[in-house]
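# Summary of structural features
For reference, the chains in residue letters:
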Amino acid sequence: MTLSIADPVISCTNVTISYGTFAAVRNVFLDIPKHKVTAFIGPSGCGKSTVLRCFNRMNDLIDSFSMKGKVLFHGQDLYGPRVDPVEVRRRIGMVFQKPNPFPKTIYENIAFGARINGLQGNMDELVETSLRRAAVWDECKDKLQESGLSLSGGQQQRLCIARAIAVEPEVILMDEPCSALDPISTLKVEETLHALKQNFTIVIVTHNMQQAVRVSDMTAFYNAVEVEGSDGKVGYLAEYNETKEIFNNPKSKDTREYVTGRFG
Amino acid sequence: MFTHKKRPWAEKLVDRAFIRMTAILASVVSLTVFGIFFTVGFQAVFQGDLSSLLPWNPDSIWQGIAPWNDEETFGVRWGAIPHFGLGFLANSSWNPVRSDYGALTPIYGTLMTSALALLLAVPLGVGTAIFLTEDFLPQKLRTTIGFMVELLAAIPSVVLGLWAMAMLNGFLTVFTPLHTHLGWLPFFGTEPGGPNLAMASLILVVMLLPIITAVSRDSLNQVPIELRQGAYAIGATRWTSIFQVLIPAAISGIVGGTMLALGRALGETMAVTMIIGNSTNLSASWFSPSSTIASLLANQFGEADDIQVSALYYAALLLMILTFLVNICAQVIVKRLALKYD
Amino acid sequence: MTTIQHPLTTSGLNYNPYAPRNVWNRAMNLLAALFSILVVLPLITVILYVLYKGGGAITPAIFTELPPAPGLSEPMGMGNAIIGTAMVTGVAALVAIPVGVGGGIYLAEVAKKGWFAQFIRFGVNVLAGVPSIICGLFIYALVVNTRILWGESFSAMAGGLALAVLMLPTIVKTTDEGLKLVSQELRIGSLGIGASRFVTITRVVLPAAISPIATGVVLGIARAAGETAPLIFTALFSPFWPDWSSGLGLLAPTATMSVQIYNFGIMPFAPQVQLAWAASFILVVMILMANLLSRWLARLSAS
């Protein structure tokens, strides 16, 4: 089942993540290829977001979080004792489920990240480029000095994507970026993803299987099983392959049932 | 057909009376505010008690004014506002012998103690609030410290004053080197030898800290977690996200709490009275005894009579206007800066 | 569009303790910790100092005797001040609780919006900001100076009224906020079975909100008991037991613990200063208990 991918950007080896004593997802082996879009799909509570968040150490914010196994970024252990999570997050950016622009102007929302990362050069140009790449430039070029909160939900989300791009990370993680958006905004974000994958490696969690088909090159299907002796569920990586294989020729029965919409 | 039992009239009456009563009780609050302003204002304009408002009182203020009384106006005893006018604010003498009163010294003392106290208490309080909202300490310990800070707010001001008096010598050992080395600065110009303005400011800091800490902590806690995640996700360090994202997002609460604390500082009475030295001589030095409007009232009101009482009410009116303006500002600022986050 | 170069070296992810941002971060961590210690320190010293100085002064006589005349050291008691504080805060609570709860009900249940409710809210906020000494001056001018209470001037009653003015905004606010927490379904349910507004509010809504309201009231009373400024020109002080013949003691000048701390604390006599510490001890312990009680009430309602 393990897929061999040459020169993976991120590589998980036997990753098990727990909150307190409760294991959320277990025994994940996974390689993320460079400059591709990888989609995580699966029913609720199967640990897709949990795995995603451990790629840039976002789980550090949760007290009870603990992880076993290894997550390698270009062969370097992300959870090594000397690793600075801030450095990790500068290389691996993230876009969240709910748009979360800072309470600053649109311009500052973009420039802020670039500035704290020590990027030199023409800030105006950077703001424009980032907003263009996130396909939101036309909608906000006339109100760069207005609050980021004055935009609509879809525009806010694309602003957040622009904010992540401006830092020039290598990988962008997206945690259900379209779940709070209307269909038109969703399409725009998906178009943005297509353009972005030339320069970035993208990992996206989605509930929407059509979206996974539309945007991704690779798909990882997660599933959850009951834990013996408790009433909780634990997630695991059920199948990982090229997207067209997962949707047209799934190996496991669970995957087939899920992608054909029989459960989840 | 249903046999319909009619609602008894008594029940309707009780219901209506109850609603009316709550309205009346609510109005009492506003009437009290109005009454305070009116009473203090009246006493600042006239000498004599409130009963001289009644036309049949022999000392009535209406004599000479009211058409039913054609006597001379000699009966009206004007108070401090007609006597001293706006010059009251710029006059630094407080002289019961010559009946010459001005509030410059206590006004200066009030503003200076409050400003000094805020200058120290805001960074300390906001810093502590940040410390208590970050994950430096285990949650349980943080809750305990939060509870203790709330307790500090509940300690009566007079107890803090007594404590400050007991700590007097401790304060002096801190202040004396400041005078020896920086005595050329007018603020440190006099030798600290007893109660003084700087001590009053420090005790105000102790009283303001819990307010600023508690309010800032609450507003920092209300910043949505998504914002913090957003900041971390673009590679912000802890303190970059605190200064650039969390504090700006919580600023309305922090400023509101600070203004609230300023209102408290301006009107704080007992601890200040016990430790400021109650001198009505104007001095630029923080190490010389001084007074605030509130301490002047607490210290002098009991022994004052005639025009001095009225002058004290004039000072009280100034204090009320000051705190009123600060509170209005606080409300406006909180509304203006409040983020619309859903 | 230029391709982005990632200057990623193997050591790039490692924590660099000398990077300016990391040095700055650690310095700020330290500063915040230092600030917290500076904030908690006075609290601990105040409480420990009061417990140490005051606890030693507590004897049975404190509760049963009168204070000594200046210069003497016998008897060592402050029974009159303890009773006086109870009387004055009792009057304040009796006046402020009905008015405050009533006003809070009006704001939360009767007129939620509209200019009059806005006006009342504004009044509550302004009153909350009025310095406590002004409350004292107000009651002095209104009650003491005019001798409106049966011809008496300084009295426990006047002191109680001054404290009531001080407590009022707290009680209105906690009632208003406590009632807002009650779910709308409860009201609709009660009105739906034909209960009048009076019954709905007094039998259904108020009991549901009793815990936050009680918490606010307990804290308000504890705070009022420690207030001094409103009392020095209203209840004044007295070295004697309450004069029961004068309106059950309510219409005569009355000693209170807080005013005693002020009056005795600034005296040059050791016995008086000791009594000031004893009074501080009792007040601080009382406030500690009230805070614990309020937390217990809050936990009770949460479970």
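Cut-offs used in this document
Residues numbered from 1 in each chain as written. Chains lettered and ligands numbered in written order. Predicted model: local features only at pLDDT ≥ 70, side-chain atom pairs only at ≥ 80, totals over all residues. Heavy atoms only, no water. Buried < 20%, exposed > 50% of the residue type's maximum accessible area, 1.4 Å probe, protein only. Helix = DSSP H or I, 4+ residues; strand = E, 2+ residues; numbered from the N terminus. Pairing = 2+ DSSP bridges. Contact = heavy atoms within 4.5 Å. Buried area = accessible area lost by both parts, 1.4 Å probe. Salt bridge = Lys/Arg side-chain N within 4 Å of Asp/Glu carboxyl O. Polar contact = N/O pair within 3.5 Å; in protein donor to acceptor, adjacent residues only side chain to side chain. 1 Å grid on protein atoms, 1.4 Å probe; cavity = no way out; pocket = protein on both sides within 12 Å on 5 of 7 lines; lining within 4 Å. Points joined across faces, edges and corners; volume = space filled by probe spheres on them. Patch = residues over 30% accessible without salt bridge, like charges linked within 9 Å, V, L, I, M, F, W, Y side chains within 5 Å. Areas by Shrake-Rupley, 256 points an atom, 1.4 Å probe, with all protein chains shown as cover. Axes fitted to C-alpha atoms, helices over the stretch in contact; angles between N-to-C directions. Parallel < 35°, antiparallel > 145°, perpendicular 65-115°, else oblique. Left-handed = near helix turned anticlockwise from the far one by under 90°. Nonpolar A, V, L, I, M, F, W, Y, C, P; charged D, E, K, R; others polar.

All names here are of chain A. By the criterion of burial, strand 9 (residues 218-226) is predominantly enclosed, with seven of the nine residues buried. Across nine bridges, the pairing between strand 9 and strand 10 (residues 233-242) is antiparallel. Among the inter-strand pairings, glutamate 226 is bridged to a residue of strand 10, identified as lysine 233.

This paragraph deals with the interface of chain A and chain B. Listed by partner, the interface residues are 25 residues for chain A and 21 residues for chain B. Where chain A abuts chain B, roughly 2,000 Å² becomes buried across the two surfaces, and 67% of that area is made up of carbon and sulfur atoms. Applying the counting criterion to the chain A and chain B interface returns zero salt bridges. For the pair chain A and chain B, the number of links is three residue pairs in polar contact (both at pLDDT 80 or more). Going through the elements one at a time, helix 2 (85-91), strand 6 (92-95), helix 3 (106-116) and helix 6 (153-166) of chain A are the ones with two or more residues in the side of chain A that touches chain B.

Turning next to the layout of surface pockets. There is about 880 Å³ of room inside the second largest pocket. Lining the second largest pocket are 35 residues, and of these Thr133, Glu134, Asp135, Arg228 and Arg238 of chain B sit closest to its centre. Put simply, the parts of the chain that give the lining of the second largest pocket at least two residues each are helix 2 of chain A, helix 3 (104-133), helix 4 (139-154), helix 7 (197-221), helix 8 (225-233) and helix 9 (238-267) of chain B together with helix 1 (20-55) of chain C. Take the lining of the second largest pocket: its biggest share by element is six residues, from helix 4 of chain B.

Together, Leu31, Phe34 and Phe38 of chain B line one region of the surface with nonpolar side chains, adding up to about 340 Å² of accessible area. Structurally, phenylalanine 34 of chain B is set in helix 1 (residues 9-45).

Right, let's talk about the packing of helix 3 of chain B against helix 1 of chain C for a bit. When two helices pack together, their arrangement is given by the angle between their axes and by how far apart the axes lie. Close contact between helix 3 of chain B and helix 1 of chain C brings their axes to 8 Å; oriented N to C, the two are set at 110°. Looking at the two axes, helix 3 of chain B sits roughly perpendicular to helix 1 of chain C. Pair helix 3 of chain B / helix 1 of chain C crosses with left-handed handedness. For the pair helix 3 of chain B and helix 1 of chain C, contact is made by Pro123, Leu124, Gly127, Thr128 and Phe131 of chain B and by Ala32, Ala33, Phe35, Ser36, Leu38 and Val39 of chain C, respectively.

Summed over the entire model, instances satisfying the criterion amount to three cavities of 30 Å³ or more. Size it by volume and the largest cavity reaches roughly 50 Å³. Looking at the largest cavity, the residues that line it are Phe37, Met320, Thr323, Phe324 and Asn327 of chain B together with Val126, Gly129 and Val130 of chain C. When residues of the lining of the largest cavity are traced back to their parent elements, those giving at least two are helix 12 (307-337) of chain B together with helix 4 (114-129) of chain C. For the lining of the largest cavity, the leading source of residues is helix 12 of chain B, giving four residues. Considering only residue class, the lining of the largest cavity consists of five nonpolar, three polar and no charged.

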